[in-house]
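Residue-level structural notes
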Amino acid sequence: TNIGYNPTVGGQKRMVETFLFDFDEDIYGKEIKVEIYKRIRSEVKFNNILELKEQIALDVKTAKEYKYED
């Protein structure tokens, strides 16, 4: 989940975006519950989209390796 302004692409409005791994259903307009367990990193303005995509790939890897302990 990203909560922020998307500064790399000139975002002006605070947004909340959640990526669901291995999920392929149309849920637009549906209500979902998202629980945040750990912060991976702060928001960063990257020099270009390629750098952003590379960081997102690292963030996905980090998120998938995370083990939640109750």
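Rules used in this analysis
- Residues numbered from 1 in each chain as written.
- Predicted model: local features only at pLDDT ≥ 70, side-chain atom pairs only at ≥ 80, totals over all residues.
- Heavy atoms only, no water.
- pLDDT = per-residue confidence, 0-100.
- Helix = DSSP H or I, 4+ residues; strand = E, 2+ residues; numbered from the N terminus.
- Patch = residues over 30% accessible without salt bridge, like charges linked within 9 Å, V, L, I, M, F, W, Y side chains within 5 Å.
- Areas by Shrake-Rupley, 256 points an atom, 1.4 Å probe, with all protein chains shown as cover.
- Salt bridge = Lys/Arg side-chain N within 4 Å of Asp/Glu carboxyl O.
- 1 Å grid on protein atoms, 1.4 Å probe; cavity = no way out; pocket = protein on both sides within 12 Å on 5 of 7 lines; lining within 4 Å.
- Points joined across faces, edges and corners; volume = space filled by probe spheres on them.
- Nonpolar A, V, L, I, M, F, W, Y, C, P; charged D, E, K, R; others polar.

1. Considerations on the confidence of the model for the protein chain
- Scored by pLDDT, the protein chain has a mean of 94; 100% of the residues are at 70 or more.
- Mean pLDDT per element in the protein chain: strand 2 (residues 15–17) is the minimum at 94, and helix 1 (residues 49–65) is the maximum at 96.

2. A short note on a nonpolar patch on the surface
- On the surface, Ile3, Val16, Leu20, Phe23, Ile32, Val34 and Ile36 cluster together into a nonpolar patch covering about 620 Å² of accessible area.
- Among the structural elements, valine 34 can be located in the loop between strand 2 and helix 1.

3. A closer look at the layout of surface pockets
- For the largest pocket, the calculated volume is near 1300 Å³.
- Lining the largest pocket are 35 residues; nearest its centre among them are Thr1, Asn2, Glu17, Ile40 and Asp59.
- Of all the elements in the fold, those that place two or more residues in the lining of the largest pocket are strand 1 (2–4) and helix 1.
- Tallying contributions element by element places helix 1 first for the lining of the largest pocket, with 7 residues.
- Its residues assigned to classes, the lining of the largest pocket comprises 19 nonpolar, 7 polar and 9 charged.
- In this structure, the second largest pocket encloses a volume near 480 Å³.
- Along the wall of the second largest pocket there are 17 residues; nearest its centre are Thr18, Leu20, Ile27, Tyr28 and Ile32.
- Considering only residue class, the lining of the second largest pocket consists of 10 nonpolar, 3 polar and 4 charged.

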